[in-house]
Amino acid sequence: FLETAAYFCMKPKMGEKEVSPHSFFSIWHEFSSDFKDFWKKENKLILQERVKEAEEVCRQKKGKSLYNIKPKHDSGIVSKNCS
């Protein structure tokens, strides 16, 4: 524990000889909860952007027809009888 506290440059509070686990983990808890909140917000924004992109792709694909309609030619039996 003391090596970890030294790695993060934690110094003991006034009147203490060593860094206590309570002081170290109270700071760590604040950091981790803030990080979790930002992580959730960022993931929500990314998800919203991906949904918008997917909707745009769907709109573009719906705009393009998957098949072509050719005009009907007057070459059938009915057209020969009518003329």
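For every chain, the first residue of its written sequence is number 1, and the numbers climb from 1 along that sequence. Residue-level local features of this predicted model are given only where pLDDT is at least 70; pairs of side-chain atoms are given and counted only at 80 or more, and the full residue set underlies all totals for whole chains, interfaces and linings. No hydrogens and no water enter the side-chain calculation; it runs on all heavy atoms of the structure.

Visitor: Looking at this model, I keep getting lost on the confidence of the model for the chain. Mind explaining?
Guide: The predicted coordinates ought not to be read in detail in places where the model reports low pLDDT. For every residue, the predictor assigns a confidence score, pLDDT, that lies between 0 and 100. With 78% of its residues at a pLDDT of at least 70, the chain reaches an overall mean of 82. Secondary structure elements follow DSSP: runs of H or I no shorter than four residues count as helices, runs of E no shorter than two count as strands, and numbering proceeds from the N terminus. Of all the helices and strands in the chain, helix H3 (residues 77-82) carries the lowest mean pLDDT, 60, while helix H2 (residues 21-63) carries the highest, 91.

Visitor: Explain the packing of aromatic side chains to me, please; I cannot follow it from the model alone.
Guide: In this description, an aromatic ring pair is defined by two values, namely the gap between the centres and the angle between the planes. Two aromatic rings, drawn from Phe, Tyr or Trp (for Trp, its six-membered ring), form a pair once their centres lie within 6.5 Å of each other, and the interplanar angle then sorts them: stacked below 30 degrees, edge-to-face above 60, tilted otherwise. If you walk through the whole model with that rule in mind, you get 10 aromatic pairs. Their ring planes at 90° and their centres at 5.5 Å tell us that phenylalanine 1 and phenylalanine 24 sit as a pair that is edge-to-face. A residue pair is termed long-range when its members are at least 10 positions apart, and phenylalanine 1 in the segment before helix H1 (2-7) and phenylalanine 24 in helix H2 qualify at 23 residues. Note on classification: 1.4 Å probe, protein chains only; a residue is buried when its accessible area is under 20% of the maximum for its type, exposed when over 50%, partly exposed between these limits. Of the residues examined, phenylalanine 24 reaches a relative accessible area of 7% and is grouped as buried. Note on phenylalanine 24 and tryptophan 28: the rings are 6.5 Å apart at their centroids and 10° apart in plane angle, and the pair reads as stacked. Within this pair, phenylalanine 24 and its partner tryptophan 28 are both found in helix H2, separated by four residues, close to a single helical turn. Assessed through its relative accessible area of 40%, tryptophan 28 is described here as partly exposed. Feature note: the residues Phe1, Tyr7, Phe8, Phe24, Phe25, Trp28, Phe31, Phe35 and Trp39 constitute an aromatic cluster, connected by ring pairs.

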